[in-house]
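Per-entry structural report
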Amino acid sequence: MTKKANENSTPYEKTYQFSCPSCGGHLLFNPENQSLECSYCEKKMELKFAKEEITEYDFLTASKQPQTDWGENKKVVKCQNCGFEIVLGEHVTAQFCSFCGSSYILSTNESEGIAPESLVPFKVSKNKALENFSLWLKKRYFAPSDLTEAFEKQKLTGVYIPFWTYDTDTYSTYTAEAGTYYYVTVSYQSFENGKPVTKYRQERRIRWRYVEGDYTSSFDDILINASREVNFKLIEDLKPYNLNELVKYKPEYLSGFGAEKYSIDLKEGFKLATEKIDSRIYSGIEEKINADTLRNLRVNISYRNIKYKHLLLPVWMSSYTYKKKAYQYLVNGQTGEVKGQAPVSAFKVTVLVIVIILAIIFLILKFQ
């Protein structure tokens, strides 16, 4: 297996191709058998990599020593319609945008950014992804009947979506007022048969006490989506990914696929991670205090030994247009799970409403 450089390409357009030793054709990564396969003679080349430990990098010194080596030269292309940026590997060309379906794709001179440390390889083939999408589409009972004719199979693209993970140790101090419930018996006046009577009831009160303390906790692999372009909810719904299948990044896994360039940088990603971490810390402190209720909880959190890694997760991505409106769908490249957007048929909804109304009227008349 050899790699050939395209000498006629401009900066960030220069790519390397994994060449077939038999016919010189392009070797593309095949998700079904986890090997490189020739697109011409179908010769298979098994991927054999020594087991390598996945490295986590120091967050505070990341800007001084960025890891920018993707293992080969890449090109960054940008959609002029929606701004989606993707890092392409090997000889891959972009004829349309994976995000919006536009054909206005241009190469840029932008850097690919911090290189990924690891990835989950594609396990689901394009044909399987299309099959799963077709099954998903058939279950959209309120979708228009002619919807299956609206999407174009050739626009399904395998893309690695960028994520950050963060590890950190935390030390927190806190103060709060902890409340303990207690109950008192109180009397009140009521009337029975026109006569006043005294009755009793239990009322809840709160006994407050001041508390303070510290709380220590460590967090591992807080996963943060680093893409602004791909529908956040769809990506979240595609989870979970099995991160136990993470492997050391090798450019061979990207042969025939693209990798979206992260649009949420390392620092912003950590800010999003701290929102998740802080929420867990607050919950942990509340559990530690073990009160019936809390007020004026104040927490001071410090982060130590912050580590990060840039990883890629596989997604089959496409969009289709129905009545001049674009809809996106995604297929988890590891599990085959499908999430997407689909139009709703006003006619089908109206028919259902009418049927429900008629059923209610029938039941009312029947049991009168």
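Residues numbered from 1 in each chain as written. Predicted model: local features only at pLDDT ≥ 70, side-chain atom pairs only at ≥ 80, totals over all residues. Heavy atoms only, no water.

**Things to note about the overall build of the chain**
- A tally of regular secondary structure across the chain gives four helices and 17 strands.
- Across the chain, every contact between residues at least 6 apart in sequence was considered, and the portion connecting residues at least 24 apart equals 74%. (Helix = DSSP H or I, 4+ residues; strand = E, 2+ residues; numbered from the N terminus. Contact = heavy atoms within 4.5 Å.)

**Remarks on unusual backbone geometry**
- Of the consecutive residues Lys-239 and Pro-240, the connecting peptide bond is found in the cis state with omega at 10 degrees.
- Within the secondary structure, Pro-240 sits in the loop between helix 2 (232–238) and strand 13 (247–248).
- Within the chain, Asn-193 stands out as a residue other than glycine whose phi angle is a positive 55 degrees.
- Looking at where Asn-193 falls in the secondary structure, it is placed in the loop between strand 11 (157–192) and strand 12 (195–225).

**Considerations on the environment of Ser-118**
- With respect to the helices and strands, the residue Ser-118 is situated in strand 10 (residues 118–119).
- In this structure Ser-118 comes out as buried when scored by relative accessible area, which is 0%.
- Through-space distance from the C-alpha of Ser-118 to that of Glu-56 is 10.0 Å; in sequence the pair is 62 residues apart.
- Excluding anything up to four places from it in sequence, Ser-118 contacts Ile-54, Leu-246, Val-247, Lys-248, Tyr-249, Lys-309, His-310, Leu-311 and Leu-312. (Buried < 20%, exposed > 50% of the residue type's maximum accessible area, 1.4 Å probe, protein only.)

**Focus: the sheet that holds strand 5 (residues 44–46)**
- Pairing is antiparallel in the open sheet, where three strands are placed in the order 3-4-5. In this open sheet, the two strands that pair with only one neighbour each are strand 3 (27–30) and strand 5. The mean inter-strand angle of the sheet, taken between neighbouring strand axes irrespective of direction, is 30 degrees.
- Direction of pairing for strand 4 (residues 35–38) relative to strand 5: antiparallel, over a ladder of three bridges. Within strand 5, the position partnered with Leu-36 by the bridge is Met-45. (Pairing = 2+ DSSP bridges. Axes fitted to C-alpha atoms, helices over the stretch in contact; angles between N-to-C directions.)

**Some points on the environment of Tyr-181**
- Mapping Tyr-181 onto the fold places it in strand 11.
- Take Tyr-181: its relative accessible area is 27%, and that puts it in the partly exposed class.
- Placed 112 residues apart in sequence, Tyr-181 and Thr-293 show a C-alpha to C-alpha distance of 8.2 Å.
- For Tyr-181, the contacting residues outside a window of four places in its chain are Arg-204, Arg-205, Ile-206, Asp-292 and Thr-293.

**Side note on the environment of Asn-305**
- Its location among the elements puts Asn-305 in strand 15 (residues 293–322).
- Note on Asn-305: relative accessible area 54%, which makes it exposed.
- Residues Asn-305 and Ser-218 lie 87 residues apart in sequence; the distance between their C-alpha atoms is 9.7 Å.
- In this view, Asn-305 contacts Asp-167, Thr-168 and Asp-169; residues no more than four positions away in its chain are not counted.
- For Asn-305, the side chain forms a polar contact with the side chain of Asp-169, separated by 2.8 Å. (Polar contact = N/O pair within 3.5 Å; in protein donor to acceptor, adjacent residues only side chain to side chain.)

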